[in-house]
Amino acid sequence: MSQNKPQVGYLRSCMDRRFLAPTRQAFEQIARLGATEYYHEAFAGGTLGVQPEVNGAQYVYDRSFKHEQDFTLIYMGWQVHLDHCGGLPGKTDPQIEEAFRDLIYSGDIQRTYPQVRHVFFVAQTKNGQPAVEVISMG
(Lines give C-alpha, C1' and ligand atoms only; values in the text may rest on other atoms or scores of the structure.)
Protein backbone atom coordinates (compact mmCIF):
# COMPACT_ATOMS: atom_id res chain seq x y z
CA MET A 1 0.00 0.00 0.00
CA SER A 2 1.13 3.50 -0.77
CA GLN A 3 2.30 5.67 2.11
CA ASN A 4 0.43 8.60 0.55
CA LYS A 5 -3.02 7.46 1.55
CA PRO A 6 -5.35 10.25 2.67
CA GLN A 7 -5.85 10.66 6.39
CA VAL A 8 -9.45 10.61 7.61
CA GLY A 9 -11.44 10.71 10.80
CA TYR A 10 -14.71 9.44 12.19
CA LEU A 11 -17.15 11.32 14.42
CA ARG A 12 -20.24 10.00 16.21
CA SER A 13 -22.50 12.60 17.74
CA CYS A 14 -26.06 13.19 18.79
CA MET A 15 -28.31 14.41 16.01
CA ASP A 16 -29.52 17.41 18.04
CA ARG A 17 -29.06 20.27 15.61
CA ARG A 18 -28.07 22.70 18.37
CA PHE A 19 -24.75 20.96 18.75
CA LEU A 20 -23.89 19.55 15.30
CA ALA A 21 -21.88 22.47 13.93
CA PRO A 22 -19.93 23.23 17.13
CA THR A 23 -19.09 19.55 17.60
CA ARG A 24 -17.89 19.24 14.02
CA GLN A 25 -15.78 22.39 14.39
CA ALA A 26 -14.17 21.09 17.59
CA PHE A 27 -13.41 17.74 15.99
CA GLU A 28 -11.97 19.34 12.85
CA GLN A 29 -9.70 21.56 14.93
CA ILE A 30 -8.37 18.74 17.10
CA ALA A 31 -8.01 16.19 14.30
CA ARG A 32 -6.72 18.82 11.89
CA LEU A 33 -9.13 17.59 9.25
CA GLY A 34 -11.38 19.52 6.90
CA ALA A 35 -15.14 19.13 6.76
CA THR A 36 -14.94 16.57 3.94
CA GLU A 37 -12.07 14.58 5.43
CA TYR A 38 -14.02 12.54 7.96
CA TYR A 39 -17.08 10.38 8.30
CA HIS A 40 -19.82 11.69 10.58
CA GLU A 41 -22.73 9.73 11.99
CA ALA A 42 -25.35 11.44 14.09
CA PHE A 43 -27.80 9.42 16.15
CA ALA A 44 -30.34 10.19 18.83
CA GLY A 45 -28.38 9.88 22.06
CA GLY A 46 -24.99 10.28 20.41
CA THR A 47 -22.33 7.91 21.68
CA LEU A 48 -24.61 6.67 24.46
CA GLY A 49 -27.62 6.08 22.21
CA VAL A 50 -28.77 2.81 20.73
CA GLN A 51 -26.02 1.39 18.58
CA PRO A 52 -26.91 1.15 14.90
CA GLU A 53 -27.37 -2.24 13.25
CA VAL A 54 -24.81 -1.22 10.66
CA ASN A 55 -21.92 0.21 12.64
CA GLY A 56 -20.31 3.05 10.71
CA ALA A 57 -17.42 3.29 13.16
CA GLN A 58 -16.54 -0.35 12.57
CA TYR A 59 -16.94 0.06 8.82
CA VAL A 60 -14.52 3.01 8.68
CA TYR A 61 -12.05 1.33 11.03
CA ASP A 62 -12.07 -1.94 9.08
CA ARG A 63 -11.80 -0.14 5.76
CA SER A 64 -8.68 1.62 7.00
CA PHE A 65 -6.93 -1.30 8.69
CA LYS A 66 -8.36 -4.57 7.32
CA HIS A 67 -10.10 -4.28 3.97
CA GLU A 68 -9.49 -1.71 1.24
CA GLN A 69 -6.84 0.17 3.22
CA ASP A 70 -7.30 3.08 0.85
CA PHE A 71 -7.08 5.70 3.60
CA THR A 72 -5.60 5.98 7.07
CA LEU A 73 -8.03 6.54 9.92
CA ILE A 74 -6.23 8.77 12.43
CA TYR A 75 -8.91 10.10 14.82
CA MET A 76 -12.25 8.96 16.15
CA GLY A 77 -14.49 11.42 17.99
CA TRP A 78 -17.30 10.57 20.38
CA GLN A 79 -19.91 13.05 21.63
CA VAL A 80 -22.84 13.37 23.96
CA HIS A 81 -24.68 16.50 24.95
CA LEU A 82 -26.46 17.88 27.97
CA ASP A 83 -29.50 20.19 28.15
CA HIS A 84 -32.18 17.59 27.44
CA CYS A 85 -31.09 14.81 25.14
CA GLY A 86 -34.21 13.42 23.49
CA GLY A 87 -32.30 10.27 22.55
CA LEU A 88 -31.71 9.48 26.22
CA PRO A 89 -35.20 9.99 27.64
CA GLY A 90 -35.44 10.38 31.39
CA LYS A 91 -31.67 10.86 31.82
CA THR A 92 -30.51 13.92 33.73
CA ASP A 93 -27.38 15.84 32.81
CA PRO A 94 -25.40 14.30 35.71
CA GLN A 95 -26.53 10.81 34.66
CA ILE A 96 -25.44 11.43 31.07
CA GLU A 97 -22.06 12.76 32.18
CA GLU A 98 -21.51 9.83 34.55
CA ALA A 99 -22.46 7.24 31.92
CA PHE A 100 -20.17 8.88 29.36
CA ARG A 101 -17.23 9.06 31.75
CA ASP A 102 -17.82 5.43 32.74
CA LEU A 103 -17.70 4.47 29.05
CA ILE A 104 -14.52 6.45 28.50
CA TYR A 105 -12.74 5.07 31.56
CA SER A 106 -13.85 1.51 30.81
CA GLY A 107 -11.60 1.66 27.74
CA ASP A 108 -14.11 -0.32 25.68
CA ILE A 109 -14.05 2.09 22.74
CA GLN A 110 -10.29 2.43 22.85
CA ARG A 111 -9.83 -1.37 22.89
CA THR A 112 -12.31 -1.83 20.04
CA TYR A 113 -10.47 0.71 17.88
CA PRO A 114 -6.87 0.59 19.14
CA GLN A 115 -4.94 1.94 16.17
CA VAL A 116 -6.31 5.51 16.30
CA ARG A 117 -6.47 8.46 18.65
CA HIS A 118 -9.76 9.15 20.38
CA VAL A 119 -11.36 12.38 21.52
CA PHE A 120 -14.47 12.59 23.69
CA PHE A 121 -16.73 15.65 23.71
CA VAL A 122 -19.57 16.93 25.88
CA ALA A 123 -21.71 19.62 24.28
CA GLN A 124 -24.03 21.90 26.21
CA THR A 125 -25.47 25.38 26.27
CA LYS A 126 -23.43 28.02 28.09
CA ASN A 127 -24.63 31.60 28.31
CA GLY A 128 -27.30 30.78 25.75
CA GLN A 129 -24.81 29.50 23.17
CA PRO A 130 -23.77 25.95 22.23
CA ALA A 131 -20.38 24.99 23.62
CA VAL A 132 -18.29 21.85 23.19
CA GLU A 133 -15.77 20.68 25.73
CA VAL A 134 -13.13 18.01 25.29
CA ILE A 135 -13.26 15.77 28.33
CA SER A 136 -10.70 13.17 27.28
CA MET A 137 -8.16 12.55 24.54
CA GLY A 138 -5.90 9.67 23.85
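One can find the structure itself at the top, above this paragraph.
Since we're looking at a predicted model, the values are computed, not measured. (Residues numbered from 1 in each chain as written. Predicted model: local features only at pLDDT ≥ 70, side-chain atom pairs only at ≥ 80, totals over all residues. Heavy atoms only, no water.)

J.: Explain the overall build of the chain here, please?
T.: For the chain, the count of helices and strands is 4 helices and 5 strands. Put simply, the chain runs from its N terminus to its C terminus through helices and strands in the order β-α-β-α-β-α-α-β-β. Its C-alpha atoms give the chain a radius of gyration of 15 Å, within 12% of the compact-globule value 14 Å for 138 residues. Buried positions account for 42% of the 138 residues belonging to the chain. Counting only contacts in the chain whose residues sit at least 6 apart along the sequence, the fraction spanning at least 24 positions is 68%. When the 13 positive and 15 negative side-chain charges of the chain are each reduced to one mean point, those points stand 3 Å apart. (Helix = DSSP H or I, 4+ residues; strand = E, 2+ residues; numbered from the N terminus. Rg over C-alpha atoms; globule rule 2.2 N^0.38 Å. Buried < 20%, exposed > 50% of the residue type's maximum accessible area, 1.4 Å probe, protein only. Contact = heavy atoms within 4.5 Å. Lys, Arg positive; Asp, Glu negative; His and termini not counted. Charge placed at Lys NZ, Arg CZ, Asp CG, Glu CD.)

J.: Help me out: how do you make sense of the environment of Val132 in this one?
T.: You can see Val132 is positioned in strand S5 (residues 129-137). By relative accessible area, Val132 is classed as partly exposed at 25%. As a C-alpha pair, Val132 and Ala26 span 106 residues in sequence and 7.0 Å in three-dimensional space. The contact partners of Val132, leaving out residues within four places of it in the chain, are Pro22, Thr23, Ala26, Phe121, Val122 and Ala123.

J.: What should I look at first to understand the nonpolar core in this one?
T.: Within soluble globular proteins, side chains that are nonpolar generally end up buried alongside one another. If you look at the biggest cluster of nonpolar residues, it comprises 23 residues, and the most contacted ones within it are Tyr10, Leu73, Met76, Trp78, Phe100, Tyr113 and Phe120. Every element with two or more residues in this core is listed here: strand S1 (7-14), helix H2 (56-65), strand S3 (72-81), helix H3 (93-106) and strand S4 (117-126). It is S3 that provides the largest number of residues to this core, a total of 4 residues. Residues contacting Tyr10, with those up to four places away along its chain left out, are Phe27, Tyr38, Tyr39, Glu41, Gly56, Ala57, Val60, Leu73, Tyr75, Met76, Gly77 and Trp78. Formed by 9 residues, the second largest nonpolar core is a distinct cluster that contains Phe27, Ala31, Tyr38 and Val119. (Core = buried A, V, L, I, M, F, W, Y, C linked by side-chain atoms within 4.5 Å.)

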